[in-house]
Amino acid sequence: MQIKPIISYSGSCPLFRSLEAQILNAIPLDTCEWRRTFHRPTKHVRLDAQTQQFDIKALEKYKQGEWSILEHPILYIFVTECNFDSYKATIREEIHAWLKLLTSYGVSDWMILLVETLDMRKTKNILPRTTVLDKIRLDFCSKNDDRCISVLSPAKFEQKSTESFRCLLQRIRFLMLTSYNRNIAQYQELIRSKREKRNHDGWDFRQYFFMQEDLALVYEKLELPTEALIQYDELDAMFSQFITHTGFSDKQKWLTYFQMPLRSFHGICLSRADKFEVRNKIREEGGISILEFRNYLFERQAHLLYQCNDIPEIAKRLLNFLFSTLREVEFIKLDCQEGALWCWEFVCALEVLQMCELAMDPRNEVTCFQHCAPIWNLAKDKLYALGKLCGLLPGCKPTSEQLHIVVQLSSAIGDVPADQQQQFLNATPQLRERSPNRKPKKSAAEQLKEALGSNEAFKKLYLELAELAISTYKHVSQLRFARLAGLDLGNFYCALNEPHKAVGFFTDLLRELKAENWHSLSSQTLLELANCYRKMGDSLAYTKICSSISCCAELEILVRTFYFDEFLKSLKTLKTTLSAQPSMENANYCVLEDHFRILDIEVLNKKPIIQDDFVMLQLKVESLYPREILAESIKLCYEIQTEPAQASLQDVPLSKTTLLAKSSLSYINASLQLSYKQDNTLASASVACETPKKSQPVRRTNSTKRKLLPSVQADFTNFVQAENVILQPGPNTIELKAKATRVGRWQFEQICIIMSSLEFLSEQLPYTPSFEICTKPATAVLDFKTLVAGIIQPITLKVAGGSFIFPPDAKITLKCSKNLRIRSALDKKNPEFDDDATFGTLLQVPLLEFKSFEERNIPLQVLTDMPGRKGTKHHEHYISLCCPWSRTELQIPIEFKPAMEASCRLHTCGTQKFLQVIMKGLDANLFLQDAKVKCDVPGVRLIDMNPPSPEPINIYKPLTVTYLYEIQVEPLKTEQELPIVKVHFVIKYAHEAQPKVWRNFGCAFDLVDYTTLFKVQAQLEPNELCRVRSVCNMNLKITKVQENPYNDLMYEVLNDQNLWAVCGRSAGVVSMQDVDSHSISLDVMPLSTGFLPMPSIRLSKYTAGGKNKNDAHSKVYPFPPGQVYNSTKSVQIHVIASVNVEQ
């Protein structure tokens, strides 16, 4: 069928025929811009054309509204070759009549073509005023001068006619597209009016079909396959609506045209050589079957989709096409042979699949496979139905009647012509470039005929289709459909007596059904698996499957009881089978949740559990078996509990003892993640969730895979167990126990129930309680505050038993360091409270009836001697503890503060020496009495100068008490003979809490440099008339009292700058060699009135420098306080105001 726009020509027909071939060949050589109406997008199209001599019949149809856009001329051309004379004589009237005729029929798409032949001899020197073209335009094209064009005859002026011929082609293309805009709009309006009359009498769908299909063919020719596809979709929908909703009636008599019996049921052919073969058949009055009509519609739609490069859409539309066609056949109630429609569906499915395989774009591979997977499955199902009809299933032999059916079906399927096969093979030559050794596939009809020809061919094709369906479903992640297709394939393998191949498919389906909680379907699948394992002779798998079936509540009790008995029988012989096959080491594991249900897990021990004690556990489990069964061992293992994940958004830790089923609130370990660009600007922000390994993340149900076997067995190094337990159907309460050997916080991980050689392991416990096994060490510490030496101080011995088990005679021994004593605490009312003899350096504290984790506070009292030295530094002692839980002594340091301190000071009065003892209270309220000093050095005598005190003296912080004693040394006992004088001071003290208990405090002092060597005396003149700011003479006299080696002395006047001013030198060096005294005169000036203290005089040892190389500088050394006596140290001078002070 030739689909080209028609150009009608009139006028000089022989002249146009001479140009026809050149024009028709040149029109498709270039594209033209088509500016469509109604704001449709502009498109560049390539036109083609055919010519036809002017015929008025086409105009009659156009005027009556029965025209076809394919048969109607798209452009009318009047061709002429004339001069002025011939134009005026005849041509003008011909053109006028031609235009008048076109106008009468409403045609406005015309063009006048003038073919010119220039006479160069006549026009060489004379230019004509007007030409024939101008005259024609003036007469007929005054408003549309572009519709009149001239061209030089290519036969006479080949070189000069090129430009004019190019303009002619452009004008023809432009006018054709302009005509298409007008004609398409009119034709659409005509189609719309025809469609509105579809319920009128005499309306025929076939006429409407050809009318709208002509428009689709025009769109296709103009390279608009999408709009052409819309026309076919409208026809498809209208036809379905007529069949399913209108039905047969008197008004719709045309429907009987499609009610032809199905003598043949050819499938679709997407590689048909003559694509309009069925179209021509529809025009015939004999009628066609609805299958043929539907096939033609789908083939045209598939062809347009192929041009749009939308191969997945073809596969997507196939199932709707098949199901809607079957529904229409059912409505029409066509008589057809059994299996005919199955053959038709199979051929259609394989035809589309082969096209998708050959022409599929790799970029749309996944999308195409999503629609191809159900088509493979449909082809598999239809082939199986045909095999069942024709006796080709495994274990069947076709009868003579079934062979007759095969012959009838094979003949009705039809054959693919040789030219169509060749076209089919050459549809995509790029496939042969990728795989040159690949054999070309047979057509769908040939494959079906071959499969119906023998059982072996049927088996081969069915297995191939099933595998392709399953693999395609898996490729597009539609696992549920893959499992269902696997169920069919498993049943087929069972029929082939190959149960080992069917087991894998049944197992995958069972896993999917359990994951989706399809309990009834999973029970039926278990029965299929049991039959397979029984045929295979796999006793272990058969035993486990029988156990699972007996626990299925969806099955009848008789079925469950039968398989329970089978389970017990197989269980007895299973141990021998496993011992003979060492490779099946972990094959005896079963999923506990399929047979038992964990109801509760509770730790019966009081917290915490002591090491080496027994862990007691109560387990509530529900048995799903129909009868009681003996469990040889029930174990529940536990492992060290890891730190729980914390919610970083709320910083709330997960409770370690929270049960999964009882907790309605859970925290997610979420964290904020910020992503930055190279310029440190924020690119994105997200929240990430890190889930612990043990808790699964949120997933869709079809992504959660239920395991038929336990993934891994937990570590059963630490477990509680119970042995030889009879489990009744329903809830059971079991007590498990084990010895707590290891310390730590533990969490239960997995339950194992052992029956003969089978081990039922839990996947995940619904409750995960935790418990703690501890071996808390026993401790003993001394608790005390600031301790004061010299008085009774309380301390507390704190004993924590921890997990240690104490013997009945347990005791703690306390050993004190030197001068420290201890005893058990006594009450003040106790007569022995004031007895210091009750203190000792060793004390044993009994721990009577001391229990583990018990804590006791034992009061004690300590007493230490007050340190007999000056200073407030704490005095350190130690107490060693010998505890029954430890072989080593624990040494605890204890510090004591002195209750008071003693210090001494040496005073000089001329040659007399006095010792002052100062007692200072620090941290206690004490009473003092009987202060005594003692010196054991011969020639030294201490005279007590303190008045007698009848009552004790009270001393407390910060009160001080002073005692004074005179030191008398015999004259013959020089300082060289007695360089150090040791003096012992002893006093009695009592604490206010024990006023009757007097204890001794002693302190030793060492006296050195106590001999007076020099005497300093100062005198101020005038003594009585000393005035402010008047210079006075101060006479300084240094006298040697005792012979000494110090010859050079340095004196310094240390005056207060606010009281005195020294006029001249304030310091100097004097030599006392060979003299007993030395006098110095100084000028001083008082700066203030009143009784001013005499300026202080400091005398120092002086050593001159420069006597040797090592001692280049002079040095000054101070005298100790007892070697220099200043007789005028406390003298005051009365200074009066000056006389000339301004009033």
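Computed from a predicted structure; not experimentally measured. Residue positions are given per chain, counting from 1 as you read along its sequence in written order. In view of the model being predicted, local features appear only for residues whose pLDDT reaches at least 70, and side-chain atom pairs are presented and counted only at 80 or more, with totals across whole chains, interfaces and linings using the full set of residues. Excluded from the side-chain calculations are hydrogens and water; all other atoms, namely the structure's heavy atoms, are used.

### A few points about the overall build of the chain
Here a strand is any run of E in DSSP of at least two residues, a helix any run of H or I of at least four, and the numbering for each starts at the N terminus. Of the regular secondary structure elements, the chain holds 22 helices and 49 strands. Throughout, a contact is declared for two residues whenever any of their heavy atoms are within 4.5 Å. Sequence-distant contacts, at least 24 apart, represent 72% of the contacts inside the chain between residues at least 6 apart. To be clear on the numbers: accessible area is Shrake-Rupley with a 1.4 Å probe, and residue cover counts the displayed protein chains and nothing else. Summed over its atoms, the accessible surface of the chain is roughly 61,400 Å², and 51% of this surface lies on carbon and sulfur atoms.

### Some points on the environment of Pro261
Among the structural elements, Pro261 can be located in the loop between helix H7 (225-246) and helix H8 (277-283). Spatially, the C-alpha atom of Pro261 lies 6.6 Å from that of Ser289, the residues being 28 residues apart in sequence.

### A look at the packing of helix H12 (residues 365-389) against helix H17 (residues 455-475)
If you want to describe how two helices pack, look at the angle between their axes and the distance between the axes. Every axis corresponds to a line fitted to the C-alpha atoms, with the helix fit spanning only the stretch in contact, and the corresponding angles, defined between N-to-C directions, vary from 0 to 180 degrees. Contact pair H12 / H17: the axes reach a minimum separation of 8 Å and the direction vectors enclose 150°. Considering the angle they form, H12 stands roughly antiparallel to H17. The handedness of the crossing between H12 and H17 comes out as left-handed. Along the contact surface, H12 presents Glu365, Phe369, Cys372, Ala373, Pro374, Trp376, Asn377, Ala379, Lys380, Leu383, Tyr384 and Gly387, while H17 presents Phe458, Leu461, Tyr462, Leu465, Ala466, Leu468, Ala469, Thr472, Tyr473 and His475. Classes in brief: Ala, Val, Leu, Ile, Met, Phe, Trp, Tyr, Cys and Pro nonpolar; Asp, Glu, Lys and Arg charged; the others, Gly included, polar. Residue composition of the contact of H12 with H17, grouped by class: 16 nonpolar, four polar and two charged. The labels follow the angle: roughly parallel below 35 degrees, roughly antiparallel above 145, roughly perpendicular from 65 to 115, and oblique for the rest. Working rule for handedness: look at the near helix, and if it is turned counterclockwise from the far one by less than a right angle, call the crossing left-handed; if clockwise, right-handed.

### A closer look at the confidence of the model for the chain
In regions of low pLDDT, the predicted coordinates are not meant to be interpreted in detail. With 88% of its residues at a pLDDT of 70 or more, the chain has an overall mean of 83. Every residue carries a pLDDT, the predictor's confidence in it, which falls somewhere between 0 and 100. Taken element by element, the predicted model of the chain shows its lowest mean pLDDT in strand E14 (residues 652-653) (34) and its highest in H17 (94). Predicted confidence for residues 421-437 stays below pLDDT 50, and this span has 19 contacts to residues more than four positions away or in other chains.

### Overview of the sheet that holds strand E35 (residues 953-955)
Read across the sheet, four strands follow the order E35-E33-E37-E38 without closing on themselves; strand pairing throughout is antiparallel. Two strands lie at the open edges of the sheet, namely E35 and strand E38 (994-1007), each paired on one side alone. Shown here is a sheet whose adjacent strand axes are inclined to one another by a mean of 35°, direction ignored. In terms of strand pairing, strand E37 (residues 981-991) meets E38 through ten bridges, oriented antiparallel. Opposite Val981, over in E38, you have Leu1007 as the bridge partner. The criterion for strand pairing is that DSSP finds at least two bridges linking the strands in question.

### A closer look at the nonpolar core
Ranked by internal contacts, the top residues of the largest apolar core, which has 227 residues, are Phe205, Val352 and Phe748. Here the element with the most residues in this core is helix H11 (residues 340-359); it accounts for 14 residues. Val788, Val917, Val981 and Phe1005 belong to the second-largest nonpolar core, a separate cluster that totals 32 residues. Among the buried residues, those of types Ala, Val, Leu, Ile, Met, Phe, Trp, Tyr and Cys that are joined through side-chain atoms within 4.5 Å form a nonpolar core. Think of it in three bands: residues with accessible area under 20% of the maximum for their type are buried, residues over 50% are exposed, and the middle band is partly exposed, with areas taken using a 1.4 Å probe on protein chains only.

### Re the pairing of strand E33 (residues 926-934)
As judged from the three bridges shared by E33 and E35, these two strands associate in the antiparallel manner. Counterpart to Leu928 in the pairing with E35 is Ile953.

### Focus: a nonpolar patch on the surface
Grouping into patches uses exposed residues only, defined as over 30% relative accessible area, and leaves out salt-bridged ones; the cut-off is 9 Å for like charges and 5 Å for nonpolar side chains (Val, Leu, Ile, Met, Phe, Trp, Tyr). Take a side-chain nitrogen of Lys or Arg and a carboxyl oxygen of Asp or Glu: if they are within 4 Å of each other, that pair is a salt bridge. A cluster of nonpolar side chains, Leu672, Leu674, Tyr676, Leu682 and Val687, forms an exposed patch at the surface whose accessible area comes to about 530 Å². Broken down by secondary-structure element, the contributors of at least two residues to the nonpolar patch are strand E15 (670-676) and strand E16 (682-689). With respect to the element layout, Leu674 can be found in strand E15.

### Observations regarding the sheet that holds strand E46 (residues 1096-1103)
Taken in spatial order, the four strands make up an open sheet running E43-E41-E46-E47, and their pairing is antiparallel. Looking at which strands have only one partner, the edges of the open sheet turn out to be strand E43 (1067-1071) and strand E47 (1115-1118). In this sheet, adjacent strand axes meet at a mean angle of 35° when their direction is disregarded.

### A short note on helix H1 (residues 13-26)
Working rule for helices: expected span equals 1.5 Å times residues minus one. Here H1 contains 14 residues, and its C-alpha end-to-end distance of 19 Å stays within 8% of the 20 Å for a straight helix at 1.5 Å per residue. At every residue, the bend is computed as the angle between two fitted axes, covering the seven residues ending there and the seven beginning there respectively. By the largest-angle criterion, Leu19 marks the main kink of H1, which is about 45°. Tucked inside the fold, the buried residues of H1 contact strand E1 (6-11), strand E4 (50-53), strand E5 (73-80), strand E6 (110-116) and helix H5 (161-196).

### Quick notes on the packing of helix H9 (residues 290-307) against H11
At a closest axis distance of 13 Å, the pairing of H9 and H11 adopts a crossing angle of 10°. Here H9 lies roughly parallel to H11, going by the angle between them. Mapping the contact onto sequence places Leu291, Asn295, Phe298 and Tyr306 in H9 and Leu341, Trp344, Cys348, Val352, Met355 and Ala359 in H11. Residues that form the contact of H9 with H11 fall into these classes: nine nonpolar, one polar and no charged.

### Some points on unusual backbone geometry
Cis peptide bonds are those with omega within 30 degrees of zero, and the linkage from Lys957 to Pro958 qualifies with 0°. Relative to the elements of secondary structure, Pro958 occurs in the loop between E35 and strand E36 (960-969). Positioned with a positive phi, Glu849 is a non-glycine residue whose angle comes to about 50°. As for its placement among the helices and strands, Glu849 is situated in the loop between strand E27 (842-846) and strand E28 (855-864). With a relative accessible area of 70%, Glu849 lands in the exposed category.

### Observations concerning the packing of aromatic side chains
Ring pairs shown here join Phe, Tyr and Trp side chains whose ring centres sit within 6.5 Å, with only the six-membered ring taken for Trp; geometry is labelled stacked below 30 degrees between planes, edge-to-face above 60, and tilted in between. Tallied over the full model, the rule gives 44 aromatic pairs. Residues Phe205 and Phe293 carry aromatic rings whose centres are separated by 6.1 Å and whose planes lie at 80° to one another, so their mutual orientation is edge-to-face. On the criterion of sequence distance, the pair formed by Phe205 in helix H6 (residues 205-221) and Phe293 in helix H9 is long-range, its members being 88 residues apart. The structure contains a cluster of three or more aromatic residues connected by ring pairs, namely Trp203, Phe205, Tyr208, Phe209, Phe210, Phe239, Phe242, Phe258, Phe293 and Tyr296. The residue whose ring lies beneath Arg36 is Trp34, and the NZ or CZ to ring-centre distance is 5.1 Å. The rule for a charge over a ring is simple: NZ of Lys or CZ of Arg within 6 Å of the ring centre, and within 35 degrees of the ring normal. The side chain of Arg147 reaches across the aromatic face of Trp110, ending 5.7 Å from its centre.

### A short note on the environment of Ser1081
The residue Ser1081 is located in strand E44 (residues 1077-1086) in this model. According to the relative accessible area criterion, Ser1081 is partly exposed, its value standing at 48%. A sequence separation of 45 residues divides Ser1081 from Leu1036, and the C-alpha atoms of the two residues are 6.1 Å apart. When neighbours within four sequence positions are excluded, Ser1081 is seen to be in contact with Asn1033, Met1034 and Asn1035. A polar contact of 2.6 Å, which involves the side chain of Ser1081, links it to the side chain of Asn1033. What qualifies as a polar contact is a pair of N or O atoms within 3.5 Å, subject to a donor-acceptor requirement within protein and to the restriction that residues adjacent in sequence count only when both atoms come from side chains.

### Here's the deal with the pattern of salt bridges
Tallied over the entire structure, the rule returns 40 salt bridges. Ionic pairing is found between Glu189 and Arg192, a salt bridge with its closest N-O pair at 2.5 Å. In this pair, Glu189 and Arg192 are both assigned in helix H5, three residues apart and thus about one turn of the helix distant. Residue Glu189 is classed as partly exposed on the basis of its relative accessible area of 47%.

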